[in-house]
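Residues per chain, in single letters:
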Amino acid sequence: MQALIPNCLILYVASVAHSVEFYRHLLGAAPLEHHPGFASFQLGEHMVLGLWARADVLPTAQAAPGSAELVIQCASRGEVDAHHAAWLATGWPDLQAPTAMDFGYTATTADPDGHRVRVFWPTAS
């Protein structure tokens, strides 16, 4: 049997339309598809981010807000700072101001459903 390679991460959302606007701005791209109960965005060559209306999910899911995190690696410390500043200007939540941690320099915001979005510049190994 061949190994399974995940190609889609799905977040359960209260409003697909509201979440599409957040991710359209965050990712700087239009969705691949957009329906009332589901939308998706390309996240690189082999990965898709799905936004599924929580009320339509079967079997019913019991995920708590903030229980998922989308992580985006940046090319520099300055890029982390720039994303953080843009989030503040947009009015998005400031869950974590730019901070040095074991794995790198990082900042965190949240989407409309409380799913975390983290940018980071890795610490040299």
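Please refer to the structure higher up on the page.
Sequence order as written defines residue numbering, which begins from 1 separately in each chain. With the structure being a predicted model, the display of local features is reserved for residues of pLDDT at least 70 and the display and counting of side-chain atom pairs for 80 or more, all residues being used for whole-chain, interface and lining totals. Computation of side-chain values covers all heavy atoms of the structure but excludes hydrogens and water.

Caption draft 1: Highlighting the side chain of threonine 108. By the element assignment, threonine 108 lies in strand S7 (residues 104-110). The criterion used for residue contact is that any of the two residues' heavy atoms lie within 4.5 Å. Leaving out residues up to four positions away in the same chain, threonine 108 has contacts with Trp87, Pro93, Asp94, Leu95, Gln96, Arg116, Val117 and Arg118. The way it works is that DSSP assigns letters per residue, a run of H or I at least four long becomes a helix, a run of E at least two long becomes a strand, and they are numbered from the N terminus.

Caption draft 2: A look at the pattern of salt bridges. Salt bridges are defined as contacts in which a side-chain nitrogen from Lys or Arg sits within 4 Å of a carboxyl oxygen from Asp or Glu. Taken as a whole, this structure holds three salt bridges when the rule is applied. Arginine 24 serves as the salt-bridge partner of glutamate 21, at 3.4 Å between the closest nitrogen and oxygen. Here arginine 24 and glutamate 21 lie together in helix H1 (residues 16-27), a separation of three residues that amounts to about one turn. Buried residues are those whose accessible area, probed at 1.4 Å on protein chains only, stays under 20% of the maximum for their type, while exposed residues exceed 50% and partly exposed ones sit between those limits. The partly exposed category is assigned to glutamate 21, whose relative accessible area is 45%. For the salt bridge of glutamate 69 with arginine 118, the shortest nitrogen-to-oxygen distance reads 2.6 Å. In this pair, glutamate 69 is assigned in strand S5 (residues 69-73) and arginine 118 in strand S8 (residues 116-122), connecting sequence segments 49 residues apart.

Caption draft 3: Spatial organisation of the pairing of strand S3 (residues 38-42). Pairs of strands are assigned from DSSP output, requiring at least two bridges between the strands. Alignment of strand S2 (residues 33-34) against S3, held across two bridges, turns out to be antiparallel. If you follow histidine 34 over to S3, its bridge partner there is alanine 39. Here S2 folds back onto S3 in antiparallel fashion, the turn holding three residues. In this sheet, strand S4 (residues 48-53) lies alongside S3 in antiparallel orientation, the contact comprising five bridges. Looking at S4, one finds that phenylalanine 41 is bridged to leucine 49. Connecting S3 to the next strand, S4, in antiparallel fashion are five residues, including glycine 44 with a positive phi near 100°.

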